[in-house]
2 protein chains.
Amino acid sequence: MKTKRPKLDLKNGRVELTYGGGGRAMSQLIDELFRPAFSNTLLDELADYAGFPGGKRMVMATDGHVISPLFFPGGDIGCLSVHGTVNDVAMSGAKPLYLSASFILEEGFPLGDLHRIVTSMAEAAKAAGVSIVTGDTKVVERGKGDGVFITTTGIGVVEHDTPLGAGEIRSGDKIIVSGTIGDHGVAVMSKREGLSFGTDIQSDTAALHELTALAIETAPGLRVMRDPTRGGVAATLNELAEASGLGVRLDEASLPIRPEVNGACELLGLDPLNVANEGKLIAICSAEDADKLLATMRAHPLGKNAAMIGEMADDPHHFVQMTTSLGGNRIVDWLSGEQLPRIC
Amino acid sequence: MKTKRPKLDLKNGRVELTYGGGGRAMSQLIDELFRPAFSNTLLDELADYAGFPGGKRMVMATDGHVISPLFFPGGDIGCLSVHGTVNDVAMSGAKPLYLSASFILEEGFPLGDLHRIVTSMAEAAKAAGVSIVTGDTKVVERGKGDGVFITTTGIGVVEHDTPLGAGEIRSGDKIIVSGTIGDHGVAVMSKREGLSFGTDIQSDTAALHELTALAIETAPGLRVMRDPTRGGVAATLNELAEASGLGVRLDEASLPIRPEVNGACELLGLDPLNVANEGKLIAICSAEDADKLLATMRAHPLGKNAAMIGEMADDPHHFVQMTTSLGGNRIVDWLSGEQLPRIC
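Scoring rules and cut-offs
Residues numbered from 1 in each chain as written. Chains lettered and ligands numbered in written order. Predicted model: local features only at pLDDT ≥ 70, side-chain atom pairs only at ≥ 80, totals over all residues. Heavy atoms only, no water. Helix = DSSP H or I, 4+ residues; strand = E, 2+ residues; numbered from the N terminus. Rg over C-alpha atoms; globule rule 2.2 N^0.38 Å. Buried < 20%, exposed > 50% of the residue type's maximum accessible area, 1.4 Å probe, protein only. Contact = heavy atoms within 4.5 Å. Salt bridge = Lys/Arg side-chain N within 4 Å of Asp/Glu carboxyl O. Least-squares fit on C-alpha atoms with pLDDT ≥ 70 in both. Buried area = accessible area lost by both parts, 1.4 Å probe. Disulfide = S-S within 2.5 Å. Pairing = 2+ DSSP bridges. Axes fitted to C-alpha atoms, helices over the stretch in contact; angles between N-to-C directions. Phe/Tyr/Trp six-rings, centres within 6.5 Å; stacked < 30°, edge-to-face > 60°. Lys NZ or Arg CZ within 6 Å of the ring centre and 35° of its normal. Parallel < 35°, antiparallel > 145°, perpendicular 65-115°, else oblique. Left-handed = near helix turned anticlockwise from the far one by under 90°. Nonpolar A, V, L, I, M, F, W, Y, C, P; charged D, E, K, R; others polar. Domains from an automatic or database assignment. Polar contact = N/O pair within 3.5 Å; in protein donor to acceptor, adjacent residues only side chain to side chain.

S.K.: Let's hear about the overall build of chain A: which residues, and what values?
M.R.: When its secondary structure is counted, chain A shows eight helices and 14 strands. A globule of 344 residues ought to have a C-alpha radius of gyration of about 20 Å, and chain A, at 21 Å, matches this closely. Taking all 344 residues of chain A together, the buried fraction comes to 62%. Put simply, of all contacts in chain A between residues at least 6 apart along the chain, 84% involve residues at least 24 apart.

Below you can see the structure in the form of structure tokens.
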């Protein structure tokens, strides 16, 4: 006779090695925890793959998430793992449609926390208009992982004809950021260091697919969009400078930074330009379209603090230079020696 | 001035936390280790996403790989992470085309080992006719991971009209396995336990896309294909029994099992039916097409030991039953309490 296992204890239970074994215990984890949260017609076929209708021009992006702590002010690894990948797809100008999710769980991880994370993923996916269509679960022994790592891969379809890419950037193009910078990294670092800054700094983690769709619709002169995650605005702009063969000129006074984020950065010895964001994008567009694009972004809740922060310039060294608030000039380099490990 | 970093030491260097920081060190790891191995036109665009031409009917599959040890007889986590996902895509009947790869590295992991793994991935991808088009790298602190975990996601296009799925299975359909069972699991367990069985048992890790394409071409009565990985043949057949609403009748004498694998299983207390395979598929097809399909598989190097091992039968309990070599009858259940952790 087949033996019936008791229901998973989603309150006090813990991840066991058998949950990754491919047998009945894994099947139970899928049936009682993952499926109820993610349920959709494609996922419910329950094969090791998912079929979906494609489009002519498609986009794929993947992101592993290893953030510590798993729960932080403004979010958790669950919603972050959806936003991170949805945003990578959206930055290409594609409409994000499908996600896969691969979990690497540590033996002993509380099922209650996993349930919370999975529920957060499901809500984020719903809000972003994407379906989690296939997945995988592995379990490693205690001490060989760190709670949960989640790798998501996203698929999107391109439905417009604006050519986007660093190669489209021209000298004189304007640089717009969709809101305040450094919120995510500072929220996570504060929690990690046990710091409190009076006001609670929240991660900005959010899906930016509506903002990217609006940008494409509004600005025919849109050149490229990027989300400044790990490495922050500084890394993204340095990459774009190198890829475009131009330089970047920033105006420090125009950078939107929350005072409490600025304060925390001073305390932690960080430059907000190097700090990760998870709900912001940088758009580069023709000078002609810049005001219109800025106004459009500001009319959206996720872009209300959008600002024009600089422009592209001819520069054989591909430097990112910034006019400081004191009128000086400094080179904004990538983060090199210093580091913010496991920020996403 | 921008500082130039010395080249990565791919012989004696080790993974540092900065390699996951989104800054110059990470960019260097990508430029000096990943790009030279995986180079292709889509990847070389170097955005956080990859564009590719789609098709009308597409398939997506994902697999996290946490195998221990990383190097085992017959393969390593690199080629395994390509084969595992290529096979999941291929089982759907799709042609695998694109892969993403997400690496979670442990601080201190030898760069030489990473280079070996990445080279093995690149070779496996080339052999399987797929391109690794986008990826991600994260680094966790020493003791928070275990060397390297790799999640790959695969995309394929369906180019035929045979309806495949457990719902297509009929009573009387035949069950074919493409070759010897249990090789992968036993190879890994032997290495892990430090056992030697005289002859070296090798993992069967391989890409099965040619075999699946041949099966579709040969057998209009093909119902479903599955690769019996974690949980082995027993788990796959139990899943198919439940999903089809039928039962499975196996004939033990017909199971292709290497004598040395059988011997090792006895020593390790394992049932070969529960042991993982990474280069085998189970095909269920109409009785009419079974001989033709078997002959076609046997003509391919990866199917030369293919065998017809049983058939589907009406069974309200959806049991997998096996006539033993001694003429008895036993129920083949999923692996339940026992386990083979980190076998893939």
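S.K.: Residue-level account of the pattern of salt bridges, with values.
M.R.: The tally for this structure, following the rule as stated, stands at 32 salt bridges over all chains. When the shortest N-O distance is used, the salt bridge between Lys138(A) and Asp136(A) registers 2.8 Å. Since its relative accessible area comes to 7%, Asp136(A) is described here as buried. Among the charged side chains, a salt-bridge network with shared partners connects Asp63(A), Arg230(A), Asp136(B) and Lys138(B).

S.K.: Can you tell me about the relation of the copies chain A and chain B, naming the residues and giving the values?
M.R.: For the match of chain A to chain B, the screw axis carries a shift of 0.0 Å, the RMSD comes to 0.0 Å, and the turn is 180°. Overall, the copies show the geometry of a two-fold rotation axis. Minimal C-alpha distance to the rotation axis in chain A is attained by Gly145(A), lying at 2.1 Å. With an isologous cut-off of 70% or more, the 100% of interface residues of chain A that recur at the interface of chain B puts this contact in the isologous class.

S.K.: For the interface of chain A and chain B, give the residues involved together with the corresponding values.
M.R.: Counting residues at the interface gives 77 residues for chain A, matched by 77 residues for chain B. Of the roughly 6,300 Å² buried at the junction of chain A and chain B (both faces included), carbon and sulfur atoms supply 55%. There are eight salt bridges connecting chain A and chain B. For Asp136(A), the salt bridge identified is with Arg230(B), shortest N-O distance 2.8 Å.

S.K.: Explain the state of the cysteines to me, using residue names and the numbers behind them.
M.R.: Each disulfide is one covalent bond, formed between the sulfur atoms of two cysteines. All names here are of chain B. Applying the stated criterion across every chain, the model contains zero disulfides over all chains. Of all cysteine sulfurs, the one in Cys344 lies closest to Cys79, which takes part in no disulfide; the gap is 13 Å. For Cys79, a relative accessible area of 10% corresponds to the buried category. Look at Cys344 and you get buried, because its relative accessible area is 6%.

S.K.: Break down the sheet that holds strand 2 (residues 57-65) of chain B for me, citing the residues and quoting the values.
M.R.: Read across the sheet, five strands follow the order 1(A)-2(B)-7(B)-5(B)-6(B) without closing on themselves; strand pairing throughout is mixed. The outermost strands of the open sheet, each flanked by one partner alone, are strand 1 (50-53) of chain A together with strand 6 (131-140) of chain B. Here the strands of the sheet are splayed against their neighbours by 20° on average, with no regard to which way each runs. This element, helix 1 (residues 24-38) of chain B, spans strand 5 (95-106) and strand 6 of chain B of the sheet and lies at about 145° to strand 6 of chain B.

S.K.: Before we move on, could you go through the packing of aromatic side chains and cite the residues and values that matter?
M.R.: Overall, the coordinates contain seven aromatic pairs over all chains when judged by the stated rule. Centroid distance Phe34(B) to Phe103(B): 4.6 Å. Interplanar angle 45°. Geometry classified as tilted. Of this pair, Phe34(B) sits in helix 1 while Phe103(B) sits in strand 5, and the two are 69 residues apart along the sequence. Members of the aromatic cluster, each reached through a chain of ring pairs, are Phe34(A), Phe38(A) and Phe103(A). Over the aromatic face of Phe71(A) sits the side chain of Arg116(A), whose NZ or CZ is 3.7 Å from the ring centroid.

S.K.: Report on the sheet that holds strand 9 (residues 222-226) of chain B, specifying residues and quantitative values.
M.R.: Adjacent strands of a sheet pair through backbone hydrogen bonds, lying either parallel or antiparallel. Residues and elements named next belong to chain B. Spatial strand order, 9-11-8-12-10-13-14: seven strands in an open sheet with mixed pairing. Unpaired on one side and paired on the other, strand 9 and strand 14 (329-331) mark the two borders of the sheet. In this sheet, adjacent strand axes meet at a mean angle of 25° when their direction is disregarded. Two elements, strand 8 (residues 174-177) and strand 11 (residues 282-285), share four bridges in a ladder whose sense is antiparallel. Across the sheet, Ile176 pairs through a bridge with Ala283, a residue of strand 11.

S.K.: Would you mind going over the pairing of strand 13 (residues 320-323) of chain B in detail, with residue names and values included?
M.R.: All names here are of chain B. Looking at chain direction, strand 10 (residues 247-251) and strand 13 are connected through four bridges and run parallel. Among the inter-strand pairings, Leu250 is bridged to a residue of strand 13, identified as Met322. One ladder, built from three bridges, connects strand 13 with strand 14; its direction is antiparallel. Bridge assignment links Gln321 to a residue of strand 14, and that residue is Ile331. In this structure, the hairpin formed by strand 13 and strand 14 is closed by a connection of five residues, where Gly327 is found at a positive phi of approximately 90°.

S.K.: Pulling in residues and values, what's your account of the environment of Phe34(B)?
M.R.: Residue Phe34(B) is classed as buried on the basis of its relative accessible area of 7%. For the pair Phe34(B) and Ile175(B), spaced 141 residues apart in sequence, the C-alpha separation works out to 41 Å.

S.K.: Account for the packing of helix 1 (residues 24-38) of chain A against helix 3 (residues 111-128) of chain A, naming residues and giving values.
M.R.: Residues and elements named next belong to chain A. At a closest axis distance of 8 Å, the pairing of helix 1 and helix 3 adopts a crossing angle of 30°. On the basis of the axis angle, helix 1 is roughly parallel to helix 3. The hand of the helix 1/helix 3 crossing is right-handed. Each of Leu29, Leu33, Phe34, Ala37 and Phe38 in helix 1 lies in contact with helix 3, whose residues at this interface are Leu111, Leu114, His115, Val118, Met121 and Ala122. Of the residues in the contact of helix 1 with helix 3, the class split is 10 nonpolar, one polar and no charged.

S.K.: For the domain arrangement of chain A, give the residues involved together with the corresponding values.
M.R.: Residue and element names in this part refer to chain A. For chain A, the assigned domains read domain 1 (17-158) and domain 2 (166-331). The straight-line distance from the C-alpha centre of domain 1 to that of domain 2 is 28 Å. Summed over both sides, the interface of domain 1 with domain 2 buries roughly 1,600 Å², with 62% coming from carbon and sulfur. Broken down residue by residue, the surface that domain 1 buries against domain 2 is led by Pro73, Asn87 and Met91, which jointly contribute 37%. Taken together, the connections running from domain 1 to domain 2 amount to zero salt bridges. In this assembly, domain 1 and domain 2 are joined by nine residue pairs in polar contact (both at pLDDT 80 or more). Going through the elements one at a time, strand 3 (71-72), helix 2 (77-91) and helix 3 are the ones with two or more residues in the side of domain 1 that touches domain 2. Here the side of domain 1 that touches domain 2 is built from residues that sort into 13 nonpolar, seven polar and one charged.

S.K.: Quick rundown of the side chain of Thr218(A)? Include the residues and the values.
M.R.: All names here are of chain A. Structurally, Thr218 can be placed in helix 5 (residues 209-218). Since its relative accessible area comes to 16%, Thr218 is described here as buried. Every residue in contact with Thr218, bar those within four places of it in the chain, is listed here: Lys292, Leu293 and Thr296.

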